[in-house]
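Letter by letter, the chains look like this.
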Amino acid sequence: MVIYSNNLIGRIPSSIGKLKQLRVIWVGLNALSGPIQVEISECESLEILGLAQNQLEGSIPRELQKLQNHTNIVLWQNTFSKNIPPEIGNISSLELLALHPLIYI
């Protein structure tokens, strides 16, 4: 699923977790808001999670550690309220973690 710069607005639906075979989520440069849904960690085949340049807030879910096929997580230019969960370091296949600049409130 690549939907880049298409003026998507609103929250990431929790039903995204039902997409078990989804390998790429790239929805950067939109107007997605609210938290990253914990259910995204149920996308068992997910390799690339690109949520950069949105209006996401809250904390980065520690449940992302369940995604052991992850090679890239791109979350920069959002507004998160807490620190990066250390559990992200448990993703053994992680090659890229792009967080800068994160804006903490």
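Structure's up top.
Calculation rules
- Residues numbered from 1 in each chain as written.
- Predicted model: local features only at pLDDT ≥ 70, side-chain atom pairs only at ≥ 80, totals over all residues.
- Heavy atoms only, no water.
- Helix = DSSP H or I, 4+ residues; strand = E, 2+ residues; numbered from the N terminus.
- Rg over C-alpha atoms; globule rule 2.2 N^0.38 Å.
- Buried < 20%, exposed > 50% of the residue type's maximum accessible area, 1.4 Å probe, protein only.
- Contact = heavy atoms within 4.5 Å.
- Pairing = 2+ DSSP bridges.
- Polar contact = N/O pair within 3.5 Å; in protein donor to acceptor, adjacent residues only side chain to side chain.
- Axes fitted to C-alpha atoms, helices over the stretch in contact; angles between N-to-C directions.

Draft legend 1. View of the overall build of the protein chain. Assigned secondary structure in the protein chain consists of 0 helices and 9 strands. For the protein chain, the α and β elements follow one another from N to C terminus as β-β-β-β-β-β-β-β-β. In terms of overall dimensions, the protein chain is globule-like: its C-alpha atoms have a radius of gyration of 12 Å, near the 13 Å expected for 105 residues. Each of the three principal axes of the protein chain carries a C-alpha extent, and together these read 30 × 25 × 20 Å. The buried share among the 105 residues of the protein chain stands at 40%.

Draft legend 2. Representation of the environment of Ala98. As for its position among the elements, Ala98 is in strand β8 (residues 96–98). Distance from Ala98 to Gly17, taken between C-alpha atoms, is 22 Å for residues 81 residues apart in sequence. Those residues in contact with Ala98 that sit more than four places away from it in its chain are Ile73, Val74, Leu75 and Trp76.

Draft legend 3. Geometry of the pairing of strand β3 (residues 31–34). Alignment of strand β1 (residues 9–10) against β3, held across 2 bridges, turns out to be parallel. Residue Gly10 lies in a different strand from β3, and its bridge partner there is Leu32. As defined by bridge partners, β3 adjoins strand β5 (residues 55–56) across 2 bridges and the pair is classed as parallel. By the bridge assignment, Gly34 is partnered in β5 with Leu56.

Draft legend 4. Spotlight on the side chain of Asn78. Position of Asn78 among the secondary structure elements: in the loop between β6 (72–74) and β7 (79–80). For Asn78, a relative accessible area of 1% gives the class buried. Looking at Asn78, its side chain comes within polar contact range of the main-chain nitrogen of Asn54, at 3.4 Å. At 2.9 Å, the side chain of Asn78 forms a polar contact with the backbone oxygen of Leu75.

Draft legend 5. Local environment of the sheet that holds β6. Judged by pairing direction, the sheet is parallel, and its 4 strands sit side by side in the order β2-β4-β6-β8 without closing on themselves. Each having just a single partner strand, β2 (24–26) and β8 make up the two edges of the open sheet. In this sheet, neighbouring strand axes are inclined to one another by 10° on average, regardless of whether the strands run parallel or antiparallel. Pairing of β2 with strand β4 (residues 48–50) involves 3 bridges; the strand directions are parallel. Residue Trp26 lies in a different strand from β4, and its bridge partner there is Gly50.

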